[in-house]
Amino acid sequence: MALSQSFVGRCYPPKGTYEVSREKIAEFADAIGDTSPLSRDKAAAQAAGYPDVIAPPTFLTIINLDAINAIINDPELGLDYSRMVHGDQRFHYTRPVHAGDKLRITTYVDEIFDRMGNDFLNLRAEITDESDELVCTTRAQLVVRGADA
Amino acid sequence: MTADLSAVEVGTQLPPLTARITRKDLIRYAGASLDFNPIHWSDRQATESGLPGVIAHGMLTMALAGRLVTEWAGDSGRVIDLFARFTRPVVVPDDDTGAEVELTGKVTEVADGKATVAVTAKFEGRPVLGKATAVVRID
């Protein structure tokens, strides 16, 4: 049941561009109960020094999760989705995401290992803007419980 | 209420945050985040996965940890790093009350114009996030 080690070091290039909209930022902020005007009111965001409304820190889960799913659904990897849990998550920002950003995500398989009968998969993603500047690096650890764990 | 970030020091406590999560909130979060894993909306599939019932998205609990910090800092753009380990599920019953998550935070380090905040998130009195931390610009 071990995950295929051949995936370590693999890089998944961007499938397309994700354009961040004011509406999606507001919808996401609503869903997490974030009432900040910086995520809803362009004038307030600009007064705070941003080009447009800014996204809450976990907003990038939208494209991060999609990139993760593309990897874990690869049958060659041998991952049993029904036994998988999200172990941990990090977002490290160079700058906040704002409406109008055109983002691309490149995902890397950093590590695959097993510990006490469980498989661990460490993924990293680099999210860049239309100038190819790094906006955020995300790291996720996924855990696949062993058959008798 | 926004904090006076220039006065932040090690040991500074953040105003606590209590959030109530109902099934409706899970549906709303699923749509907003595009995370449609059925363990967050189907009792049948949650139970088949060995869970006690429908659980909240770990990323929703992490978002609440983010809110604790951004509401204190007054500007989500100040958060430059956010981390959480998902250690225990938040079970959300199919009723009008839902589940209550209690969040607290404390500054553990101040250096180079940045404060590190350790966040605790509890459900039914027990931690649901491990080593949850945020790094916030305070300059």
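Residues numbered from 1 in each chain as written. Chains lettered and ligands numbered in written order. Predicted model: local features only at pLDDT ≥ 70, side-chain atom pairs only at ≥ 80, totals over all residues. Heavy atoms only, no water.

(A) Inspection of the overall build of chain B at higher detail. Helix and strand content of chain B: three helices and six strands. The N-to-C order of helical and strand elements in chain B reads β-α-α-α-β-β-β-β-β. Seen along its three principal axes, the alpha-carbon backbone of chain B occupies a region of about 50 × 30 × 25 Å. Taken over 139 residues, chain B has a buried fraction of 53%. Counting contacts in chain B only where the partners sit at least 6 residues apart, residues at least 24 apart contribute 68% of the total. Counting 15 positive and 18 negative side-chain charges, chain B places the averaged centre of each group 3 Å from the other. (Helix = DSSP H or I, 4+ residues; strand = E, 2+ residues; numbered from the N terminus. Buried < 20%, exposed > 50% of the residue type's maximum accessible area, 1.4 Å probe, protein only. Contact = heavy atoms within 4.5 Å. Lys, Arg positive; Asp, Glu negative; His and termini not counted. Charge placed at Lys NZ, Arg CZ, Asp CG, Glu CD.)

(B) How the structure looks around the packing of aromatic side chains. Tallied over the entire structure, the rule returns three aromatic pairs over all chains. Put simply, the rings of Phe28 and Phe59 of chain A together with Tyr29 of chain B touch in pairs and so form one group of aromatic residues. Positioned above the aromatic ring of Phe120 of chain A is the side chain of Arg115 of chain A, whose terminal nitrogen or guanidinium carbon lies 4.8 Å from the ring centre. Over the aromatic face of Tyr108 of chain A sits the side chain of Arg124 of chain A, whose NZ or CZ is 4.3 Å from the ring centroid. (Phe/Tyr/Trp six-rings, centres within 6.5 Å; stacked < 30°, edge-to-face > 60°. Lys NZ or Arg CZ within 6 Å of the ring centre and 35° of its normal.)

(C) Fine view of the pairing of strand 2 (residues 79–86) of chain B. All names here are of chain B. Within strand 2, seven of the eight residues are buried, which leaves it mostly tucked inside the rest of the structure. Where strand 2 lies against strand 6 (residues 129–137), six bridges are found, and the strand directions are antiparallel. Across the sheet, Leu82 pairs through a bridge with Ala134, a residue of strand 6. (Pairing = 2+ DSSP bridges.)

(D) View of the confidence of the model for chain B. The predicted model of chain B averages 96 in pLDDT, with 99% of residues at 70 or higher. Across the predicted assembly, pTM comes out at 0.96 and ipTM at 0.96. (pLDDT = per-residue confidence, 0-100.)

(E) Region of the structure containing the environment of Ala84 of chain B. Its location among the elements puts Ala84 of chain B in strand 2. Sequence separation of Ala84 of chain B and Ala132 of chain B is 48 residues, and the distance between their C-alpha atoms is 4.2 Å. Here Ala84 of chain B is in contact with Gly87, Asp88 and Gln89 of chain A together with Met62, Leu129, Gly130 and Ala132 of chain B, once residues within four sequence places are set aside.

(F) Just the nonpolar core, in detail. Of all hydrophobic cores here, the largest spans 64 residues; its most connected members are Phe59, Leu60 and Val97 of chain A together with Trp72 and Leu103 of chain B. Broken down by element, the residue count for this core peaks at 10 residues, all from helix 3 (residues 58–73) of chain B. Core analysis: the second largest hydrophobic core is formed by 15 residues, Ile68, Ile71, Leu77 and Met84 of chain A among them. (Core = buried A, V, L, I, M, F, W, Y, C linked by side-chain atoms within 4.5 Å.)

(G) Structural view of the environment of Met59 of chain B. Tracing the chain through its elements places Met59 of chain B in helix 3. Taking the relative accessible area as the measure of exposure, Met59 of chain B reaches 5% and is therefore buried. Considered as a pair, Met59 of chain B and Ser33 of chain B are 26 residues apart in the sequence and their alpha carbons are 9.1 Å apart. Those residues within four positions of Met59 of chain B in sequence are excluded, and the remaining contacts are Thr58, Thr61, His86, Gln89 and Phe91 of chain A together with Tyr29 and Phe86 of chain B.

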